[in-house]
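Reading the structure
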Amino acid sequence: MAAENSEGPTVGFIGLGRMGGPMARHLVAAGFTVQGFDLSDEALERHRAAGGLAADSPAAAAHDATYVITMLNTDEALQTVVEDPGGLLEVLQPPQVLIDMSTSRVGTIRRLAQRLAERGVPLLDAPVTGGAQGAQAGTLDVMAGGDPAVFERCRPLFAAIGRKATYVGPIGSGLLAKYVNQIVMAATFCAAAEGLALAASGGADPGKVYEAISSGLAASPLLDTSVKAIFSRSYGQGAELSLYHKDAAYALAAASDLKAWLPITAQVHEAFNLAMRAGFGSGAGSGVAQVWEQIMDIQLQPVPQEQHD
């Protein structure tokens, strides 16, 4: 069923949004024939303009493709694309490979892998980190779980969209690695807000506090990003609050299944939940900081220089 042309293997790409669209474009630039599908006509038109082919359904995108990639917003969307009547579960067959590059639930990906294995079709869970900026630049990092031999077969695709691909372990391991990434990032957003809130509540200048710690062991690019978002009041920009909220929920669901203890993640999820319920913007770092500002009745802003003079 899978076809290869003179330019290279054919890839079916399902989900051409902020992340998937640029990823598909990089695959086209690398010489792959990319049959894309998205519910958005605008996304399909951008894909055509980049040299891709447009399909009218996920099944059509997968037709004659050597590799099929899904890059979807939610776990529910992945289940729909794979398991609904006429979905990928009905049309995929050896030697095709399904690669889910979304951030989905470990339980879902393991169940889908088992169902696809009954058809002789391997599944890799290969989520990415780097955000929309990394997708545009082609500098995403891939973390993959599944059969290591299948991972090696897929390396050329990963090389086209990112700077590094790491095999982590059996199916579901890529998602667990992505959860670790999201937990560390979200916890840093919250820690930066909480620490600066403590300083501000005692009369210290948050800007000077950050300056004081920015060259010590607490310093990191992630801390810089978090504090910059807080100070700039960029509530609608940067990493999306809703995505971190969702990913923390997925991590907690995995912890429940695995009998793992994630007390920090539970607190972080609650902070993000409060920020979303209060409508504190869509930016993760700045939005969650508003929870501390509201509860403690403070402003997490550097004191103007003239007030120091």
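What counts and how
- Residues numbered from 1 in each chain as written.
- Predicted model: local features only at pLDDT ≥ 70, side-chain atom pairs only at ≥ 80, totals over all residues.
- Heavy atoms only, no water.
- Phe/Tyr/Trp six-rings, centres within 6.5 Å; stacked < 30°, edge-to-face > 60°.
- Buried < 20%, exposed > 50% of the residue type's maximum accessible area, 1.4 Å probe, protein only.
- Helix = DSSP H or I, 4+ residues; strand = E, 2+ residues; numbered from the N terminus.
- Contact = heavy atoms within 4.5 Å.
- Salt bridge = Lys/Arg side-chain N within 4 Å of Asp/Glu carboxyl O.
- 1 Å grid on protein atoms, 1.4 Å probe; cavity = no way out; pocket = protein on both sides within 12 Å on 5 of 7 lines; lining within 4 Å.
- Points joined across faces, edges and corners; volume = space filled by probe spheres on them.
- Arc of directions from axis to C-beta.
- Polar contact = N/O pair within 3.5 Å; in protein donor to acceptor, adjacent residues only side chain to side chain.
- Nonpolar A, V, L, I, M, F, W, Y, C, P; charged D, E, K, R; others polar.

Under the counting rule described, the total for this entry stands at 5 aromatic pairs. Aromatic pair Phe-151 and Phe-158: ring centres 5.8 Å apart, planes at 35°, arrangement tilted. Taken as a pair, Phe-151 and Phe-158 share a single burial class, namely buried. Aromatic side chains Tyr-210 and Phe-231 sit 6.4 Å apart centroid to centroid with 80° between the ring planes, which places their arrangement in the edge-to-face category. With Tyr-210 in helix α10 (residues 206–213) and Phe-231 in helix α11 (residues 221–232), this pair connects stretches of sequence that are 21 residues apart. As far as the burial class goes, Tyr-210 and Phe-231 line up, both buried.

Attention now goes to the environment of Arg-18. With respect to the helices and strands, Arg-18 occurs in the loop between β2 (8–14) and α1 (20–29). Using a relative accessible area of 52% as the deciding quantity, one classes Arg-18 as exposed. When the C-alpha positions of Arg-18 and Leu-198 are compared, they lie 36 Å apart, and in sequence the two are 180 residues distant. Each residue touching Arg-18, except ones within four places of it in the same chain, is listed here: Ala-132, Ala-135 and Glu-240.

In this section: the pattern of salt bridges. Following the criterion strictly, the structure yields 8 salt bridges and no others. Close ionic contact of Glu-83 with Arg-111 constitutes a salt bridge, the shortest N to O distance being 2.5 Å. Residue Glu-83 is located in helix α4 (residues 75–83), and its partner Arg-111 is located in helix α6 (residues 106–117); the two are separated by 28 residues in the primary sequence. Taking the relative accessible area as the measure of exposure, Arg-111 reaches 32% and is therefore partly exposed. The structure contains a network of salt bridges with shared partners spanning Glu-83, Arg-111 and Arg-115.

Regions of empty space are outlined by a rolling probe, equal in size to a water molecule, passed over the atoms. Applying the stated criterion across every chain yields a total of 1 cavity of 30 Å³ or more. Of the voids in this model, the largest cavity is the one considered here, and its volume is about 40 Å³. Lining the largest cavity, in full, are Tyr-179, Gln-182, Ile-183, Ala-186, Tyr-244, Asp-247, Ala-248, Thr-265 and Val-268. Taken together, the elements giving at least two residues each to the lining of the largest cavity come down to α9 (173–201), α12 (241–258) and α13 (263–277).

For helix α2 (residues 41–49), every residue scored as buried is listed here: Ala-43, Leu-44 and His-47. Looking straight down α2, one finds its buried side chains confined to an arc of 100°; they lie on one side. Projecting away from the buried face of α2 at angles above 90 degrees are the exposed residues Asp-41, Glu-42, Arg-46 and Ala-49. By the N-cap criterion, in which a side-chain oxygen at the helix start approaches the backbone nitrogen of a residue two or three places on, α2 is capped by Ser-40, the distance to Glu-42 being 3.3 Å. Just downstream of α2 lies Gly-51, where phi reads positive at about 100°.

Taken as a whole, the second largest pocket encloses approximately 160 Å³ of empty space. Lining the second largest pocket, in full, are Leu-16, Gly-17, Arg-18, Gly-21, Pro-22, Ala-24, Arg-25, Ala-43, Arg-46, His-47, Ala-50 and Gln-136. Put simply, the parts of the chain that give the lining of the second largest pocket at least two residues each are α1 and α2. The biggest single contributor to the lining of the second largest pocket is α1, with 4 residues. A per-class count over the lining of the second largest pocket returns 5 nonpolar, 4 polar and 3 charged.

This brings us to the environment of Ala-254. Among the structural elements, Ala-254 can be located in helix α12. Remark: the alpha-carbon pair of Ala-254 and Val-106, spanning 148 residues in sequence, is separated by 6.4 Å. Sequence-distant contacts of Ala-254, that is, excluding residues within four places in its chain, are made with Val-106, Leu-176 and Tyr-179.

These values are about where atoms sit, not about what they do.
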